[in-house]
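Structural features, examined
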Amino acid sequence: MNLPKEFLLGGATAAYQAEGATAVGGKGKVAWDDYLEKQGRFKADPASDFYNKYPIDLKLSHEFGVDAIRISIAWSRIFPNGDDAEANPAGVQFYHDLFKEARAQGVEPYVTLHHFDTPDALHSQGDFLNQHTIDSFVKYAAFCFEEYKDEVSYWITFNEIWPVTSGQYLVGKFPPAITYDFSKTLQGQHNMMVAHAKAIKLFKDNQYEGEIGIIHSLETKYPYEGKKENEHAAFLYDVLANKFLLDATYKGYYTEEVMDAVNEILLANNGEIHITEEDLAHLDAAKDLNDFLGINYYQSNFVKAYDGDNDIHHNGTGEKGTSVFALHGVGEQMFDMDIPRNDWDWLIYPDGLRDQMIRVAKEYPNYKKIYVTENGMGYKDDFNTELIDDTPRIDYIRKHLIACKEAIDAGVNVAGYFVWSLMDVFSWSNGYNKRYGLFYVDFDTQERYPKKSAYWWKQLNENRDLSSNDIG
Ligand code: BGP
């Protein structure tokens, strides 16, 4: 099986996970700074020192057939307090330099405005639960569209709204570490979608050249053991994590079916949500303006009906078999199927990616194009200076690319794939032993080493052949 020639092959990064330099060049604080320090397990400095090493990473991208790079702008480098009257010149310049270097290396930048890193000054006031953050985000977006209009052709408003709000308010693995608050989780999702809608409308109203979209993390939800009694649980969980956001993105309102499910979940958990007519008008005005949808996909879930107490254990150590994820009145994730999983209990299920893309195309026919904006394998790589053999990662990437090809063959417009991650980066709740990169980063020396997957990727970009994990 071969990938189409024009299918884009890119690598993904995110500011806070790659840059380091968290207090350099006038950068404002993000909530993660204090949160991680308090936790004391690991910190995001120097991460992969991308702040200084980006010319090397872009050169490697060029040499190894990575034609595009996802980069996020750290909002607090531009506006240290999120809503400052003046932008911070050092932060603004840093991204000019970075985008110019990407262009010089022939690597197309796909730029995300928000990747989990709201400035602390706004985050501490309720993040997107506070309307002021929505307004500040739109101002920050407007600034970036104008400032970088000659350097950036592909924009993404948000990276993964569901993981943000569930991480913050349900699982509690992201600051402010609140657990089992369904009201905040759903309200946060809705409010971020309003912010997305306003930003995308502004981009189109000002007739900027280029394309703009949003990234959702879409894990496919299947009923456990294919059983009828678990179908409703899978549906509820799908609404909570996927369909609520997809409706907001492409329908501009929430269908009755989705609101019934949301209300069922909220009723079971004593929660509430406020959606105004004005909000819906913003969603409606933006529903046909998305040039593309980014799908981040790592795993699918098999869901069983669950009425017990909310119970989540996040496996952030890579100790296989320790994950628990059970939501009262929604469902419980099951792990005892005959499906391989990585050390963090993420099920390796490429069919779920294909099914998800086909589902989006079917249920949201006004979608224009899909990129897989993240996919990759968390793995504890063994370092050596000869060749780091990460064949399980190659196998993972190859099988998910086959899923892309199957979706294309089924008629879905899938335009490209970004591997997470370009080089090894810091992982929010797992630190540094969960590596994803095509390039190994020795975090002590900041040296980069191409892994076997990097050589395989280069070969793939040349011959487009998905038939084997071997390098020739
Ligand atoms: C996505 C995020 C990325 C990245 C990735 C891997 O949710 O967009 O920033 O972290 O997941 O997740 P993790 O680092 O938890 O393994």
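Here's what I pulled together on the structure shown here. (Residues numbered from 1 in each chain as written. Predicted model: local features only at pLDDT ≥ 70, side-chain atom pairs only at ≥ 80, totals over all residues. Heavy atoms only, no water.)

Topic: empty space enclosed by the protein
Here the idea is plain: a probe the size of a water molecule rolls over the atoms and shows the empty space left. Tallying each qualifying case throughout the model produces two cavities of 30 Å³ or more. By volume, the largest cavity is sized at about 730 Å³. The wall of the largest cavity is formed by 40 residues, among which Lys173, Glu219, Gln299, His314 and Trp346 lie closest to the centre. Those elements giving two or more residues to the lining of the largest cavity turn out to be helix 8 (161-169), strand 9 (311-313) and strand 10 (324-327). Counted by class, the lining of the largest cavity contains 18 nonpolar, 16 polar and six charged residues. Forming the walls of the second largest cavity are Tyr298, Asn342, Trp346, Leu347, Ile348, Gly376, Met377, Gly378 and Tyr396. Split into classes, the residues belonging to the lining of the second largest cavity amount to six nonpolar, three polar and no charged. (1 Å grid on protein atoms, 1.4 Å probe; cavity = no way out; pocket = protein on both sides within 12 Å on 5 of 7 lines; lining within 4 Å. Points joined across faces, edges and corners; volume = space filled by probe spheres on them. Helix = DSSP H or I, 4+ residues; strand = E, 2+ residues; numbered from the N terminus. Nonpolar A, V, L, I, M, F, W, Y, C, P; charged D, E, K, R; others polar.)

Examining the pattern of salt bridges
Per the stated rule, a full pass over the model turns up 34 salt bridges. Ionic pairing is found between Arg448 and Asp57, a salt bridge with its closest N-O pair at 2.8 Å. Here Arg448 is found in strand 15 (residues 447-450), whereas its partner Asp57 is found in helix 3 (residues 50-63), with 391 residues between them in sequence. Of the two residues, Arg448 and Asp57, both sit in the buried class. Among the salt bridges present, the one from Asp390 reaches Arg393, with a minimum N-O distance of 2.8 Å. Members of the salt-bridge network, linked through shared partners, are Asp381, Asp390, Arg393, Asp424, Arg435 and Lys451. (Salt bridge = Lys/Arg side-chain N within 4 Å of Asp/Glu carboxyl O. Buried < 20%, exposed > 50% of the residue type's maximum accessible area, 1.4 Å probe, protein only.)

Points about a nonpolar patch on the surface
A cluster of nonpolar side chains, Leu387, Tyr455 and Ile471, forms an exposed patch at the surface whose accessible area comes to about 220 Å². Inspection of the secondary structure assignment puts Ile471 in the segment after helix 15 (452-463). (Patch = residues over 30% accessible without salt bridge, like charges linked within 9 Å, V, L, I, M, F, W, Y side chains within 5 Å. Areas by Shrake-Rupley, 256 points an atom, 1.4 Å probe, with all protein chains shown as cover.)

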